[in-house]
Amino acid sequence: YTAPTTDGDYTVEVIDTDTAGNTKSASITFTLDTTIATPTVALTTDSGAAGDGITNDASLNLSAAAGDVTRTYKINAGVASTSYTAPSTDGSYTVEVIDTDGAGNSASASVSFTLDKTLATPTLALTTDSGTAGDSRTNNAALTFSSAASDVTRTYKINSAAATSSYTAPTTDGDYTVEVIDTD
């Protein structure tokens, strides 16, 4: 007997014949299925630089599983689960998606990423509050800012105007709101 290697339906019959010429037979019918599609998995949003795997959203885009496939997920080689719960804590993650079909074939794919959902809130203050302490009245619109982390892009808005990459103190009397926006 040479087992078939091509997927398909097969009937194998075995026939025994003794020296007197008597015969008996038995057969089995089966479907050979040795193939399974490999799942695909990717971050829904790679919010860092394109392709850097840094994100603030651990949601995944997955290929659809065939009807006879059972899909499981492992996060950082942990215990397999039948559903994916996106991590919510900053850190490095590898999510493996494993598909197993009714014939016992399995295929897997994985995605690795760094989840970064935290960023220090920038601080700013008048360099000189020349009026009564704490009244935010001044004759000098210079501001003091907290330092930005090395991976942060900082922009500034004055009275909700378009964002700029640097702060230029207003020189005209009036009320001003300065917003500092940090993006990592």
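Nothing here was measured: the structure is a model prediction, and the numbers come from that model.

Engineer: Which residues make up the overall build of the chain, and what values do they have?
Structural biologist: Of the regular secondary structure elements, the chain holds 0 helices and 12 strands. Rg of the C-alpha trace for the chain: 33 Å, well past the compact-globule value of 16 Å for 184 residues, more than 25% over. Across its three principal directions, the C-alpha atoms of the chain cover 120 × 30 × 25 Å. Sequence-distant contacts, at least 24 apart, represent 43% of the contacts inside the chain between residues at least 6 apart. Carbon and sulfur atoms provide 49% of the accessible area of the chain, an area that totals close to 12100 Å². With 7 positive and 23 negative side-chain charges, the chain shows a separation of 6 Å between the mean positions of the two kinds.

Engineer: So what's going on with the nonpolar core? Which residues, and what values?
Structural biologist: Within the largest apolar cluster, 13 residues are counted, with the highest numbers of intra-cluster contacts made by Val41, Leu60, Tyr84, Val95, Val111 and Phe113. Sorting the residues of this core by element identifies strand S3 (41-43), strand S7 (91-101) and strand S8 (106-115) as the ones contributing at least two each. Considering each element in turn, this core owes the most residues, 4 residues, to S8.

Engineer: I'd love a proper account of the environment of aspartate 182, names of residues and values included.
Structural biologist: Topologically, aspartate 182 is positioned in strand S12 (residues 178-183). Owing to a relative accessible area of 13%, aspartate 182 belongs among the buried residues under this scheme. With 155 residues separating them along the chain, aspartate 182 and serine 27 place their C-alpha atoms 72 Å apart. With residues up to four places along the chain from it excluded, the contact list for aspartate 182 reads Leu119, Ala120, Pro122, Ala148, Val152, Thr153 and Arg154. Of the polar contacts made by the side chain of aspartate 182, one reaches the side chain of arginine 154; its length is 2.7 Å.

What counts, and where the lines are drawn
Residues numbered from 1 in each chain as written. Predicted model: local features only at pLDDT ≥ 70, side-chain atom pairs only at ≥ 80, totals over all residues. Heavy atoms only, no water. Helix = DSSP H or I, 4+ residues; strand = E, 2+ residues; numbered from the N terminus. Rg over C-alpha atoms; globule rule 2.2 N^0.38 Å. Contact = heavy atoms within 4.5 Å. Areas by Shrake-Rupley, 256 points an atom, 1.4 Å probe, with all protein chains shown as cover. Lys, Arg positive; Asp, Glu negative; His and termini not counted. Charge placed at Lys NZ, Arg CZ, Asp CG, Glu CD. Core = buried A, V, L, I, M, F, W, Y, C linked by side-chain atoms within 4.5 Å. Buried < 20%, exposed > 50% of the residue type's maximum accessible area, 1.4 Å probe, protein only. Polar contact = N/O pair within 3.5 Å; in protein donor to acceptor, adjacent residues only side chain to side chain.

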